[in-house]
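# Structure at a glance
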Amino acid sequence: MRLKTSLLKEPKHKELVSCVGWTTADELYSSSDDHQILKWNLLTNETAQIVRLAEEIYPIDLHWFPKTTGGKKQMQAEIFVLTSTDGKFHLVSKTGRVEKSVEAHRGAVLAGRWNYEGTALVTVGEDGQIKIWSKTGMLRSTMVQQGTPVYSVAWGPDSDKILYTSRKQLIIKPLQPNAKILQWKAHDGVILKVDWNAVNDLILSGGEDCKYKVWDSYGRLLYSAQAHDYPITSVAWAPDGQLFAVGSFNTLRLCDKTGVRNVLNDALDVLEFRDRVIKASLSYGHLVVATSLQCYVYSTKNWNTPLVFDLKEGTVSLILQAERHFLLLDGAGIYLYSYEGRLISSPKFPGMRTDILSSQTVSISNDTIAVRDQADDKVIYLIDALSGKPFSDGKPLVHKIEVMEVALDQFGSPSERKIAIIDKNRDLYITSVRRFGKEQKIIKIGTMVHSIAWNDKINILCGMQNMYFVVWYYPNTIYVDKELLSKTVYEKDASEFGKSPQIVNYVGNQVTVRRADGSLIYTSISPYPAILHEYVSASRWDDAVRLCRFVKTTTPEEEQTMWSCLAAMAIAHKDLMTAEVAYAAIGEIDKVQYINLIKDLPSKESRMAHLLLFTGNTQDAEGTLIQAGLIYQAIQVNINLYNWDRALELAVKYKTHVDTVLAYRKKFLEDFQKEESNKRFLQYAEGVEVNWEKIQAKIEMEFAKERERAATVTISSTGTRSTPLNR
């Protein structure tokens, strides 16, 4: 992306232009020392004078009222604030009428900014004061009084704090009276301009030291430019937080660029558009381009005949692609389109504000849209992609602390869809999207993670974790055998990516990483785990085993990783034969023995229950046994796990094996030389006789019944016989 500039033969303004403001992607207002406010139309190249200000008004700053407030759409901003050298700010309508002029500061009013909800206005001035006003221009409070001018101010993303300048210092002050103030030295000269982006939560500053710098919201320096020849007088983020512009004397810089080239055959195609290109995205064999009026969808197999449809607004701020469809985000809403240009759905949820959504807070897959709530950062809305409505239970996903990033995996059925979450502590969690009426576990799989991406076709997750680049080859391991998770992870030193790298995408076996200076670096991932995923999804277990044996010729670490992934995959798909081979290959002998025990169980239900126990799902295992009528086994499961109260509760409820529970409890206490203190056990011990011979006989009878029933089911399923076998 490049800046396109043009110079008029006859300038429309006669004096210095001090401030400008966009209403739409194609309409701009400007104000000058010649006392004119002009409206510029970029489509027709027409310029019109809106109003001529009074001679004493010399404008300094201009800011439009926000376009979306409280989730309600406004077609366009109808009013803007104009600050001036006479100590006043002026509320001016779109037609040029000065609705109100307010005496605000002693000396010039250097900046004025609406908050994101449009409920408050902040002004700063030469008198060193910062004042908060209502949207109608009534003074609410004087927040700051200092002895030096405040040259620039910006609202925080949640409109609950402000950022302002004080000589060489930057200061973040919350609106709450007693909240802690954050202050740091940012430049070696007076700071002239700041901007704070609501999407990425990053701060941009420029000053008389001729440098511009990027900071996080904790005051940590992320990037510092080389010194320019002249002071930096203006800085501004693009709304989506991907680019920013920097202005100096006779200089304008845009800090990124992009292009399109076919790397398969090195063919170069020049795509021309009628209107200005605002956003573009290339993935899944399609290029999606949004201009100020239309959307173009190209197939990479044919660049000559794009599919074109009109846009409701020319302010597309985000394009996300999945295999079957793509998502557009603009000032009016969220729209999901097929690659044939058909509108699939337009999701809505309470308090939706599209102006501060980004690729970190929105994610899509073939069947799901995930959106973090702007009002409550702990809430994630999970929406059916085809209908645009929340899933059947209607409940959003709620995390315990604020969520910073969400990412949906791309492969598999909707029932198996997973979402990865990075929270404010930079911990990485994973959970299922579809919960089917029960609470789904949100399990942590990483710490100090600041950027993640799923593979475009296989459910492999990569991320930047502390100072390492990490790949979770099979994240679902955490639900199958959490002890194996560390063995299914690949790590390598991330120093080559520099400070604060961001993962752009993970396509095929290659990950694209953007360094802090904007440059792109590519790193390759082993192809073997992806091949293993493909074999398992096709139930080609013999091929999967052969692949793991082949990898033995590479490195011992990769061999162990492959066998560990296969072990977890086999358990998840209930293939005990393959699981036994894989666990044996990594030396997990105790688990091999348990798998053999499961294989020897007579009934399908008991095998299923013990497989659930293997994966740590005790409650589901118990439910499976009770539903199958295997009450004794359900009781014995709780005895083995020392869940004594639950074991006794089941025995009493189903009126069986109360003596078995009491006997095992008594033996347990004797082994640890303790006396019984549980009132329920003392109560039942008085009326129940414990006889180990009778208990053992009852247990043998239970197993005999199970074997007989299993044999009946087996014969019945073959169609040869439907009566029990003769003993």
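Owing to the predicted nature of the structure, the values given are computational and were not obtained by experimental measurement.

### Considering the overall build of the chain
When its secondary structure is counted, the chain shows 13 helices and 48 strands. Oriented by its inertia axes, the alpha-carbon framework of the chain measures out at about 110 × 65 × 45 Å. Evaluated residue by residue, the chain yields a buried proportion of 50% over its 727 residues. Put simply, the chain shows about 36500 Å² of open surface, and 50% of that area lies on carbon and sulfur atoms. For the chain, the separation between the mean place of its 87 positive charges and that of its 86 negative charges on side chains is 2 Å.

### Things to note about the pattern of salt bridges
This model, assessed by the stated rule, comprises 26 salt bridges. Between R52 and E55 there is a salt bridge, and its shortest N-O distance comes to 3.8 Å. The partly exposed category is assigned to R52, whose relative accessible area is 46%. Across the pair D61 and R113 runs a salt bridge, and its minimum N-O distance is 2.8 Å. With D61 in strand 5 (residues 59-64) and R113 in strand 11 (residues 109-114), this pair connects stretches of sequence that are 52 residues apart. Judged by relative accessible area, which is 5%, D61 ranks as buried. In the salt-bridge network here, residues are joined through shared partners; they are E27, K39 and K94.

### Examining the nonpolar core
Ranked by size, the top nonpolar core spans 49 residues in total, and within it F469, L532, L566, I571 and Y583 carry the most contacts. Of the residues forming this core, the biggest block, nine residues, is contributed by helix 4 (residues 556-572). Listed in part, the 21 residues of the second largest apolar core include I631, I639, A647 and L662.

### Focus on the packing of helix 2 (residues 528-537) against helix 4
It is the contact of helix 2 with helix 4, at a shortest axis distance of 11 Å, that shows an interaxial angle of 25 degrees. Judged by the angle between their axes, helix 2 and helix 4 are roughly parallel. Remark: the crossing between helix 2 and helix 4 carries right-handed chirality. Of the residues in helix 4, those touching helix 2 at Y528, P529, L532, H533 and V536 are E558, M562, C565, L566 and M569. Looking at the contact of helix 2 with helix 4 residue by residue, the classes come out as eight nonpolar, one polar and one charged.

### Here's the deal with the sheet that holds strand 25 (residues 251-254)
The strand order across the open sheet built from three strands is 23-24-25, with neighbouring strands paired in antiparallel fashion. Of all the strands in the sheet, the pair left with one neighbour each is strand 23 (234-237) and strand 25. Between one strand axis and the next, the sheet turns by 10 degrees as a mean value, whatever way the strands run. Bridge count between strand 23 and strand 24 (residues 244-248): four bridges; the pairing is antiparallel. Bridged to V235 within strand 24 is V246.

### A short note on the packing of helix 10 (residues 644-653) against helix 12 (residues 679-687)
Interhelical geometry of helix 10 versus helix 12 gives an angle of 40 degrees and a closest axis separation of 10 Å. When the interaxial angle is binned, helix 10 and helix 12 end up oblique. For helix 10 against helix 12, the interelement crossing comes out left-handed. Where helix 10 approaches helix 12, its residues W644, D645, L648, E649 and V652 are matched on the opposing element by R680, F681 and Y684. Split into classes, the residues belonging to the contact of helix 10 with helix 12 amount to five nonpolar, no polar and three charged.

### Regarding the pairing of strand 2 (residues 27-32)
Taking burial as the measure, the six residues of strand 2 include six buried ones, the bulk of the element. Alignment of strand 1 (residues 17-24) against strand 2, held across six bridges, turns out to be antiparallel. If you follow G21 over to strand 2, its bridge partner there is Y29. Connecting strand 1 to the next strand, strand 2, in antiparallel fashion are two residues. In terms of strand pairing, strand 2 meets strand 3 (residues 36-41) through five bridges, oriented antiparallel.

### Remarks on the sheet that holds strand 31 (residues 325-329)
As summarised here, the arrangement of the four strands in space is 30-31-32-33, forming an open sheet in which the pairing is antiparallel. Among the strands making up the open sheet, the edge pair consists of strand 30 (318-321) and strand 33 (343-345). The sheet shows a mean angle of 30 degrees between the axes of neighbouring strands, direction not considered. Pairing of strand 32 (residues 334-338) with strand 33, which is carried by two bridges, proceeds in the antiparallel orientation. In the strand pairing of strand 33, L336 is matched with S345.

### Overview of helix 9 (residues 631-640)
The buried fraction of helix 9 amounts to nine of the 10 residues, a majority that puts the element mostly inside the structure. Residues I631, Y632, Q633, A634, I635, Q636, V637, N638 and I639 constitute the buried set of helix 9. Once helix 9 finishes, Y642 follows within two positions and takes phi at roughly 60 degrees, a positive value.

### Focus: the environment of D620
Checked against the element boundaries, D620 lands in helix 8 (residues 618-627). Its relative accessible area of 33% is what places D620 among the partly exposed residues. In sequence terms D620 and M608 are 12 residues apart; their C-alpha atoms lie 9.8 Å from each other.

### Let's talk about the packing of aromatic side chains
By the definition in use, this model includes 26 aromatic pairs. Aromatic side chains Y29 and W64 sit 4.9 Å apart centroid to centroid with 85 degrees between the ring planes, which places their arrangement in the edge-to-face category. Of this pair, Y29 sits in strand 2 while W64 sits in strand 5, placing them 35 residues apart in sequence. Between F668 and F672, the aromatic rings sit 5.1 Å apart at their centres with planes inclined by 50 degrees, giving tilted as the arrangement. Feature note: the residues Y212, Y223, W237 and F244 constitute an aromatic cluster, connected by ring pairs. It is R665 that lies over the ring of F681; its NZ or CZ is 4.8 Å from the centre.

### Thoughts on the state of the cysteines
A full pass over the atoms with the stated rule returns zero disulfides. In this model C565 remains outside any disulfide bridge; the closest cysteine sulfur is found in C548, 8.2 Å from its own.

### Structural notes on the environment of A154
Secondary-structure assignment places A154 in strand 15 (residues 153-155). A residue is classified by how much of its surface remains accessible, and A154, at 5% relative accessible area, is buried. For the pair formed by A154 and K193, sequence separation is 39 residues and the distance between their alpha carbons is 9.5 Å. Discounting residues that sit within four places of it in the chain, A154 has contacts with K161, I162, L163, V194, D195 and W196.

### Thoughts on helix 2
The buried count for helix 2 comes to seven of 10 residues, which makes it a mostly enclosed element. Where helix 2 is buried, its residues touch helix 3 (541-551) and helix 4. Directly beyond the C-terminal end of helix 2, a positive phi value near 60 degrees is found at S539.

### A look at a nonpolar patch on the surface
Taken together, the side chains of V504, L520 and Y522 present a nonpolar region at the surface, about 270 Å² in accessible area. One can find Y522 in strand 48 (residues 520-524). Take Y522: its relative accessible area is 48%, and that puts it in the partly exposed class.

Basis of the calculations
- Residues numbered from 1 in each chain as written.
- Predicted model: local features only at pLDDT ≥ 70, side-chain atom pairs only at ≥ 80, totals over all residues.
- Heavy atoms only, no water.
- Helix = DSSP H or I, 4+ residues; strand = E, 2+ residues; numbered from the N terminus.
- Buried < 20%, exposed > 50% of the residue type's maximum accessible area, 1.4 Å probe, protein only.
- Areas by Shrake-Rupley, 256 points an atom, 1.4 Å probe, with all protein chains shown as cover.
- Lys, Arg positive; Asp, Glu negative; His and termini not counted.
- Charge placed at Lys NZ, Arg CZ, Asp CG, Glu CD.
- Salt bridge = Lys/Arg side-chain N within 4 Å of Asp/Glu carboxyl O.
- Core = buried A, V, L, I, M, F, W, Y, C linked by side-chain atoms within 4.5 Å.
- Axes fitted to C-alpha atoms, helices over the stretch in contact; angles between N-to-C directions.
- Parallel < 35°, antiparallel > 145°, perpendicular 65-115°, else oblique.
- Left-handed = near helix turned anticlockwise from the far one by under 90°.
- Contact = heavy atoms within 4.5 Å.
- Nonpolar A, V, L, I, M, F, W, Y, C, P; charged D, E, K, R; others polar.
- Pairing = 2+ DSSP bridges.
- Phe/Tyr/Trp six-rings, centres within 6.5 Å; stacked < 30°, edge-to-face > 60°.
- Lys NZ or Arg CZ within 6 Å of the ring centre and 35° of its normal.
- Disulfide = S-S within 2.5 Å.
- Patch = residues over 30% accessible without salt bridge, like charges linked within 9 Å, V, L, I, M, F, W, Y side chains within 5 Å.

Fair warning: the whole summary comes from geometry, so function is off the table for now.
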